[in-house]
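Architecture at a glance
Spelled out, the chains give:
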Amino acid sequence: MANNSSAQPNISKYFANDPPSCFDSLTAADEDGRSQRAVAEAYLSYDYLANSSMDQQAQTNIPDSVRDLWEPPKTVPGIPPTSLTMPGVSVATDLTDPVQDAVGLLVDATEAQQRKLLLPDNVTQDERGLRELIENGCFRSAVNLTARLLTIKQQGFGHAGHPVKHSPNSLQLWFTRLALLVKLGQYEIARVEAEPFGALNNPDVFYEFYHPDMHADRKGSMAPFSFRLLLAELPVYLGAPRVALNRLTDLLAVVNQIRSYFERTAGTAPHAKEAHEFWTTRETRILHSIVNCALAVKDFGLVEQLMDRLVGAGSIPQKRILLSAWGRMRLQCGDMLGAEKKFAEARRLKEEKSSEAPDLIDRGLLAVAQNDFQSAFELFQKASAAAPTNTMLYNNMGVCLLYSGKLKEAIKLYEGAIQRNTKSCLNESLLVNLSTLYELESNHAKEKKINLLKLVNRHRADLTVGLDVCLKLQTTV
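Residues numbered from 1 in each chain as written. Predicted model: local features only at pLDDT ≥ 70, side-chain atom pairs only at ≥ 80, totals over all residues. Heavy atoms only, no water.

**So, helix 21 (residues 428–441)**
Where we set the bar: Each helix corresponds to a stretch of at least 4 residues labelled H or I by DSSP, and each strand to a stretch of at least 2 residues labelled E; elements are numbered beginning at the N terminus. Expected helix span is taken as 1.5 Å per residue step, with the number of steps being one fewer than the number of residues. Only protein chains enter the area calculation, which uses a 1.4 Å probe; residues under 20% of their type maximum are buried, those over 50% are exposed, and those in between are partly exposed.
Given a rise of 1.5 Å per residue, 14 residues ought to cover 20 Å, and the 20 Å separating the end C-alpha atoms of helix 21 matches this to within 8%. The element helix 21 is extensively covered by neighbouring structure, given that 11 of its 14 residues are classed as buried. Turning to helix 21, its buried residues number three or more, namely Glu428, Ser429, Leu430, Leu431, Val432, Asn433, Leu434, Ser435, Thr436, Leu437 and Tyr438.

**Re the packing of helix 6 (residues 127–135) against helix 7 (residues 139–152)**
Worth spelling out the cut-off: Structural elements are reduced to axes, namely lines fitted to C-alpha atoms, with helices fitted over the stretch in contact, and the angle between N-to-C directions of any two is expressed from 0 to 180 degrees. Under this scheme an angle from 65 to 115 degrees is roughly perpendicular, one under 35 degrees roughly parallel, and one over 145 degrees roughly antiparallel; angles in between are oblique. If you view the pair so one helix is near and one far, a crossing is left-handed when the near helix is turned anticlockwise from the far one by less than a right angle, and right-handed when it is turned clockwise. Two residues form a contact once any of their heavy atoms are found within 4.5 Å. In this classification, Asp, Glu, Lys and Arg are treated as charged, Ala, Val, Leu, Ile, Met, Phe, Trp, Tyr, Cys and Pro as nonpolar, and every other residue, Gly included, as polar.
In contact at an axis separation of 8 Å, helix 6 and helix 7 are set at 160° when each is read in the N-to-C sense. Our classification of the angle between helix 6 and helix 7 gives roughly antiparallel. Crossing handedness for the pair helix 6 and helix 7: left-handed. Facing Gly129, Leu130, Leu133 and Ile134 of helix 6, the residues of helix 7 in contact are Phe139, Ser141, Ala142, Leu145 and Thr146. Partitioned by chemical class, the residues of the contact of helix 6 with helix 7 number six nonpolar, three polar and no charged.

**Things to note about the nonpolar core**
Most often, soluble globular proteins keep nonpolar side chains buried together rather than apart. To keep things clear, this is the line we draw: Buried residues of nine kinds, namely Ala, Val, Leu, Ile, Met, Phe, Trp, Tyr and Cys, make up a nonpolar core once their side-chain atoms join them within 4.5 Å.
If you look at the biggest cluster of nonpolar residues, it comprises 78 residues, and the most contacted ones within it are Leu178, Phe227, Trp279, Ile286, Ile290, Val291 and Met307. Counting residues per element, this core draws most heavily on helix 12 (residues 272–296), at 10 residues. With 53 residues, the next largest nonpolar core counts Val99, Ala102, Phe343 and Ala445 among its residues.

**Examining the packing of aromatic side chains**
Filter applied, for reference: Any Phe, Tyr or Trp ring, taking Trp's six-membered ring, that has another such ring centre within 6.5 Å forms a pair; planes under 30 degrees apart are called stacked, those over 60 apart edge-to-face, and the others tilted. Note on geometry: a ring has a charge over it if NZ (lysine) or CZ (arginine) is within 6 Å of the ring centre and within 35 degrees of the ring normal.
According to the stated counting rule, one finds 10 aromatic pairs in the structure shown. Centroid distance tryptophan 174 to phenylalanine 197: 5.5 Å. Interplanar angle 65°. Geometry classified as edge-to-face. Of this pair, tryptophan 174 sits in helix 8 (residues 168–183) while phenylalanine 197 sits in the loop between helix 9 (187–194) and helix 10 (225–237), and the two are 23 residues apart along the sequence. With a centroid separation of 5.0 Å and an interplanar angle of 80°, the aromatic rings of phenylalanine 209 and tyrosine 210 are classed as edge-to-face. Of the residues examined, phenylalanine 209 reaches a relative accessible area of 38% and is grouped as partly exposed. Of the residues examined, tyrosine 210 reaches a relative accessible area of 9% and is grouped as buried. In this structure an aromatic cluster arises from ring pairing among Trp70, Phe225, Phe278 and Trp279. One Lys or Arg, arginine 282, reaches over the ring of tryptophan 279 and ends 4.6 Å from the middle of that ring. Above the plane of the ring of tryptophan 326 lies lysine 342, whose end atom (NZ or CZ) is 3.8 Å from the centre.

**Regarding unusual backbone geometry**
A positive phi angle is found at leucine 200, which is not glycine, with a value near 60°. Here leucine 200 lies in the loop between helix 9 and helix 10. Judged by its relative accessible area of 1%, leucine 200 falls in the buried class. In this model, lysine 472 sits at a positive phi of 50°, which is unusual for a non-glycine residue. In this fold, lysine 472 is placed in the segment after helix 23 (467–470).

**Some details on the packing of helix 14 (residues 316–332) against helix 16 (residues 357–369)**
The interhelical angle for the contact between helix 14 and helix 16, taken along N-to-C directions, is 10°, at an axis separation of 11 Å. Of the possible angle classes, the one that applies to helix 14 and helix 16 is roughly parallel. The segment helix 14 lies against helix 16, with Arg320, Ser324, Arg328 and Leu331 engaging Pro358, Asp359, Ile361, Asp362, Leu365, Leu366 and Ala369. The class makeup of the residues in the contact of helix 14 with helix 16 is six nonpolar, one polar and four charged.

**As for the environment of glutamine 100**
To be explicit about the condition: Think of a polar contact as two N or O atoms within 3.5 Å of one another; within protein, one of them needs to be a possible hydrogen donor and the other a possible acceptor, and neighboring residues in sequence only count if both atoms come from side chains.
Inspection of the secondary structure assignment puts glutamine 100 in helix 4 (residues 98–106). Expressed as a C-alpha distance, the spacing of glutamine 100 and glutamine 114, which sit 14 residues apart in the sequence, is 8.9 Å. At a separation of 3.1 Å, a polar atom in the side chain of glutamine 100 contacts the main-chain carbonyl oxygen of alanine 112.

**Topic: empty space enclosed by the protein**
Going by this rule: Using protein atoms alone on a 1 Å grid, points that fit a 1.4 Å probe yet trap it form a cavity, whereas open point sets bounded by protein on both sides within 12 Å along at least five of seven lines form a pocket; residues with an atom within 4 Å of a point count as lining. Grid points are joined across faces, edges and corners, and a volume is the space filled by probe spheres set on the points.
Scanning the entire structure with this criterion turns up two cavities of 30 Å³ or more. Of the voids in this model, the largest cavity is the one considered here, and its volume is about 40 Å³. If you trace the largest cavity, you find it lined by Val89, Val91, Thr93, Asp94, Leu95, Val143, Asn144, Ala147 and Arg177. Examining the composition of the lining of the largest cavity, we find that three residues originate from one element, helix 7, more than from any other. Here the residues of the lining of the largest cavity are counted per class, giving five nonpolar, two polar and two charged. Put simply, the second largest cavity is a space of about 30 Å³. Around the second largest cavity sit Arg320, Ser324, Phe343, Ala346, Arg347, Pro358, Asp359 and Asp362, which together line it. Contributing elements (two or more residues each) for the lining of the second largest cavity: helix 14, helix 15 (336–348) and helix 16.

This is how it looks when you write it as structure tokens:
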């Protein structure tokens, strides 16, 4: 279950996939009953690359000394440090395109050639080319380009365990690569390649480790803040949310210390007020992650405590989003009265010209929890009219039809949505649900799913869920 529509703070510039709907965890479950997308679902979601870019660009009056502030580990002059950061690409070959491979296997080579994706050779071999691949949804090609660029920096395949000089550019490349691997569900590769970085506390990822002339006498962390956040959250994707919770708590302690320092010096030190706001935003981001981890380990007391803190500190639009998310969390816990209360609080904060969609979605989710699928369908239908770009609402409506015993109508709704808005509706969640409905409908589901595969081949860049899950197609010979 996740936020819908405007309930997602900081809409992604690069990773523009719709957030999963609340129903995905109900309808896209595997044989163990676990949601196939559960690990990627979050109430307070975050896009690493997009937000890293925003972090760098926002508040341009913030000096590097504030942005990079992080205490390096203690070292003794003249004695080499015992711990250095020695990463390397862990796979010798490029990531392949599973969609094209599947089309070649299940359809034919001619159809496979209809796949038009940007490849690393089609863009400039630098950060600009990497950005172009990401913006076009060619995430696998982007991963492959990072391997090339890191190889140039002596950090490619076979270089793990060898000392190397780091730079802001090389660490940004690593952050981008790991964020892409997580996006693509390549968690094991991400785990192996993230391991040498630890918590980014080794001396060689700080400016002070190098000669002052190398970086114009800058001090602090070379690594972007989003990289620290990604490394702290990575255990969630590996099935260890308690480890992530501990790492995030450690990260929060440092950020809280920095924010408190600027709070104390506000009015006396230059940029202190802006710096306090800047680090408060970073602290809030960590709190969002801690809430998601607390939900994963079912520490609902911590969830309530942190949500109360976040709502208290937010602006009016933020409060409305957070209260809505809080209500959905309570729904997941089975607390319908508590959820209704939070939804009502969110509704009271609606501004005059703001969209009706969030309130309609909240009411629809409440109706689902009460097994009133017809009312839920009507509410989601109204929300879709108010927010036509939110394609996840088609997903919600289709599931309501299914639970109302209207299988064929649900299929027709999904197929119509894809026909009208092919690119945005060919998202992983809708594909999973439509494939499931095809299997429920008849024994001729495979042909229909292969037709979906052809559409994906022609109109979608990289999928972030495997075809065995997304289209329920087996692509091994």
